[in-house]
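# Survey of secondary and tertiary structure
Each chain, letter by letter, is given below.
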Amino acid sequence: EPLYSLRMRAAQGGAHEEGGLHISGGERLGFRDEIEALVSGLLRKALQHSRGDADFINLTIEKVEPASCRVLSPLPVSTYEVADAEEGRRQAAVLLRELSVSEQAIRNALCLLGSVNNLRGAVLLDSRSGERLDTRGERGIRVSRMDWDRERYLYWQNQHPLFGSPRIAEAIALATKVAYAPGTVAELCWSDDPEYVTGYVGSRRSGYCRITRLKEQGDFSGGRVFFVEPGTFISEYIVHLERTPVWIG
Ligand code: PML
């Protein structure tokens with residue numbers, strides 16, 4: 001049965017794919033008879049996030065090869081309660097250090113995420129030197145072609161009743177694909193949504209470690225950094241993140 005990847009991006013103040021202030025994005029995988037429902041779900045998300053004000057909504061539907069799909073179990077979740085962003089970032093640094101990310105790379109990542117506010121995709125940093133490895137600028141790397149297996153999602157929701165929001169489930173799907181991509185050491189993320197202060201450190205070894213505050217309320221900074229093993233073939237790494245279909249299941 002043919003399988004499709006559905007991708008949505010909404011922006012403001014930019015009339016074409018490349019420009020504008022990023023508002024919303026979404027990734028789904030589905031079979032033919034699911035496409036209509038998935039499209040309206042993505043459209044609803046775009047319109048909600050933009051409060052009807054998007055200048056640009058792009059929906060891409062592409063057939064993918066079902067045989068090329070990987071199935072990955074969702075990363076196990078743990079939560080670190082911290083009092084403020086300063087303590088949260090210290091906690092993130094502790095977790096990253098345990099994963100052998102260098103001090104320089106940790107500093108660069110915290111500095112970068114603390115200062116950008118229109119980063120659409122992820123930035124790749126060398127986990128040892130801390131140098132940026134991609135040349136994508138603000139566009140970054142967009143992890144694509146992953147979704148929860150429907151049955152597994154219901155099961156997971158039952159087991160994690162406190163994580164009801166689609167935001168968390170989507171972040172875990174992305175973090176799982178990233179963690180298992182050959183070359184990834186760890187990921188650091190917090191949202192650029194000024195109302196949402198929880199972020200995470202993700203990795204195959206430590207799982208999905210939520211940190212309750214990585215920035216203060218009202219702060220527009222945020223995004224994703226992937227720490228990559230020195231020597232990784234970057235163009236291949238990027239193709240994997242953008243194109244390999246992954247079911248979380
Ligand atoms: C985002 O929505 O931009 C990222 C949210 C990451 C944290 C989700 C969570 O575990 O609470």
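Just so it is clear, the model here is predicted, and its values are computed rather than measured. (Residues numbered from 1 in each chain as written. Predicted model: local features only at pLDDT ≥ 70, side-chain atom pairs only at ≥ 80, totals over all residues. Heavy atoms only, no water.)

### Comments concerning the overall build of the chain
Across its full length, the chain holds 6 helices and 12 strands. On C-alpha atoms alone, the chain measures out to a radius of gyration of 17 Å, which is about the 18 Å that the 2.2 N^0.38 rule sets for 249 residues. Overall size of the chain, expressed as C-alpha extent along the three principal axes, is 50 × 40 × 40 Å. Within the span of the chain, comprising 249 residues, buried residues form 48% of the whole. (Helix = DSSP H or I, 4+ residues; strand = E, 2+ residues; numbered from the N terminus. Rg over C-alpha atoms; globule rule 2.2 N^0.38 Å. Buried < 20%, exposed > 50% of the residue type's maximum accessible area, 1.4 Å probe, protein only.)

### Some points on the site of the ligand
Around the ligand, the neighbouring residues are Arg167, Ile168, Ala171, Cys189, Ser191, Tyr196, Thr198, Tyr200, Tyr208 and Arg210. Within the side chain of serine 191, one N or O atom sits 3.1 Å away from an oxygen atom of the ligand. In this structure, tyrosine 208 approaches the ligand through a side-chain N or O atom, which is 2.6 Å from an oxygen atom. Against a free-state accessible area of 340 Å², the protein chains account for coverage of 88% of the ligand. Within the residue set of the shell around the ligand, elements represented by two or more residues are α5 (166-180) and β10 (207-211). (Near = heavy atom within 4 Å. Polar contact = N/O pair within 3.5 Å; in protein donor to acceptor, adjacent residues only side chain to side chain. Areas by Shrake-Rupley, 256 points an atom, 1.4 Å probe, with all protein chains shown as cover.)

### Remarks on the nonpolar core
Within the largest apolar cluster, 31 residues are counted, with the highest numbers of intra-cluster contacts made by Leu124, Phe226, Tyr237 and Leu241. Mapped onto this core, the elements with two or more residues apiece are β6 (122-126), β7 (146-148), α5, β11 (223-228), α6 (234-243) and β12 (246-248). Looking at this core element by element, the count peaks at 9 residues for α5. In terms of nonpolar packing, the next biggest core, distinct from the first, is built from 25 residues, Val185, Ala186, Leu188 and Ile211 among them. (Core = buried A, V, L, I, M, F, W, Y, C linked by side-chain atoms within 4.5 Å.)

### Comments concerning the domain arrangement of the chain
On domain assignment, one finds that the chain holds domain 1 (3-68) and domain 2 (71-248). Centre-to-centre, using C-alpha coordinates, domain 1 lies 21 Å away from domain 2. Facing the 24 residues of domain 1 at the interface are 16 residues of domain 2. When domain 1 packs against domain 2, the two sides together hide about 1,600 Å² of surface, and 42% of this comes from carbon and sulfur. Among the salt bridges present, the one from arginine 142 reaches glutamate 27, with a minimum N-O distance of 3.0 Å. Between the two partners, domain 1 and domain 2, sit 12 residue pairs in polar contact (both at pLDDT 80 or more). (Domains from an automatic or database assignment. Contact = heavy atoms within 4.5 Å. Buried area = accessible area lost by both parts, 1.4 Å probe. Salt bridge = Lys/Arg side-chain N within 4 Å of Asp/Glu carboxyl O.)

### Considerations on the pattern of salt bridges
Throughout the structure, instances matching the rule amount to 14 salt bridges. With a closest N to O distance of 3.1 Å, arginine 150 and aspartate 147 form a salt bridge. By sharing partners, the salt bridges in this structure join Arg28, Glu34, Asp147 and Arg150 into a single network.

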